[in-house]
Amino acid sequence: LRKQYRQDLCGTWMHRDSAEERHRKSRIFRGRLAELHVALWLSTHGWSIKAMEALRDGPDIEAFSPSTGEAAFEIKFIGTEDGDCARILRSMSGEDAVDSISLYSGVNYLLFRVFEAATQLETAKAGRIAVAVVDSLTWWRLDGLGWASEEFLRQSEE
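Each residue is numbered by its place in its chain's sequence as written, counting from 1. Given that this is a predicted model, residues contribute local features only at a pLDDT of at least 70 and side-chain atom pairs are listed and counted only at 80 or more, while totals for whole chains, interfaces and linings are drawn from all residues. To get the side-chain values, take all heavy atoms of the structure and skip hydrogens and water.

Engineer: Any chance you could explain the packing of helix α2 (residues 19-44) against helix α3 (residues 82-92) here in plain terms?
Structural biologist: When two helices pack together, their arrangement is given by the angle between their axes and by how far apart the axes lie. Fitting a line to C-alpha atoms yields each axis, with helices limited to the stretch in contact; the angle taken between N-to-C directions then spans 0 to 180 degrees. Secondary structure follows DSSP: runs of H or I at least 4 residues long count as helices, runs of E at least 2 residues long count as strands, and numbering of each begins at the N terminus. For the pair α2 and α3, interaxial distance at closest approach is 10 Å and the crossing angle is 130 degrees. With respect to their mutual orientation, α2 and α3 come out oblique. α2 and α3 meet at a crossing whose hand is right-handed. Contacts between α2 and α3 involve Ala19, His23, Arg24 and Arg27 from the former and Asp82, Cys85 and Leu89 from the latter. Under the convention adopted here, Pro, Cys and the residues Ala, Val, Leu, Ile, Met, Phe, Trp and Tyr are nonpolar, Asp, Glu, Lys and Arg are charged, and Gly plus all remaining residues are polar. Looking at the contact of α2 with α3 residue by residue, the class counts come to three nonpolar, one polar and three charged. Here the angle decides the label: under 35 degrees means roughly parallel, over 145 means roughly antiparallel, 65 to 115 means roughly perpendicular, and every other value means oblique. Crossing handedness follows the turn of the near helix against the far one: under a right angle anticlockwise gives a left-handed crossing, and clockwise gives a right-handed one. We call two residues in contact whenever any of their non-hydrogen atoms come within 4.5 Å of each other.

In structure tokens form, the structure reads like this:
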């Protein structure tokens, strides 16, 4: 494994002093796990894994499928936001944890991350596939908003 990939997969994030830092580092850790899970899913669905970012620079996964051909995959893990984590921690300690959020911020963030993946895949010579893996504690920000439009949604000033 590449040095940075190995460091990201180490469980040392659990030993960080602050809950905020543990949360941020665990999101990186879980992002690496998401890449490995997608590779496993692909390999169990007829894809042959040719290369992975864990072992070299480049797209997260390069794979081949007899029905699709060669493709480069960029995986984006969408985990719990820092503010949501802070609210969960306040709630667990018995403090008030209510806050208002924009219904559109989650969708806009998801679209931004998919755009980021597409940008990273620009130089890929094979087919290009962006994959978003959404944490179950985060899905509520995206669920039920309607997916008919691929454009950023207007947010209120609040």
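Engineer: Help me understand helix α4 (residues 105-120), please; the structure alone is not making it clear to me.
Structural biologist: Given 3.6 residues per helical turn, the α-helix brings residues three or four places apart onto the same face. With 16 residues, α4 extends 22 Å between its outermost C-alpha atoms, agreeing within 8% with the 22 Å of an ideal straight helix rising 1.5 Å per residue. Exposed residues in this analysis have more than 50% of their type's maximum accessible area, buried residues have under 20%, and partly exposed residues fall in between, with area computed by a 1.4 Å probe over protein chains only. For α4, the complete set of buried residues consists of Gly106, Val107, Asn108, Leu110, Arg113 and Ala117. Against β3 (69-78) and β4 (127-134) lie the buried residues of α4. One fewer than the residue count of a helix, multiplied by 1.5 Å, yields its expected span.

Engineer: Whenever I open this one, the sheet that holds β3 confuses me. Can you help?
Structural biologist: What links the strands of a sheet is backbone hydrogen bonding, and the strands pair in either a parallel or an antiparallel sense. Read from one edge of the open sheet, four strands run β1-β2-β3-β4, paired in mixed fashion. Looking at which strands have only one partner, the edges of the open sheet turn out to be β1 (48-52) and β4. Pairwise comparison of adjacent strand axes, ignoring direction, gives a mean angle of 30 degrees for this sheet. The pairing criterion is simple: DSSP has to find at least two bridges between the two strands. The sheet contact formed by β1 and strand β2 (residues 61-65) spans four bridges and is antiparallel. Within β2, the position partnered with Ser48 by the bridge is Phe64. Contacting β1, β2, β3 and β4, α2 runs over the sheet at an angle of about 150 degrees to β3. In this fold α4 packs onto β3 and β4, with an angle of close to 145 degrees to the strand it touches most, β3.

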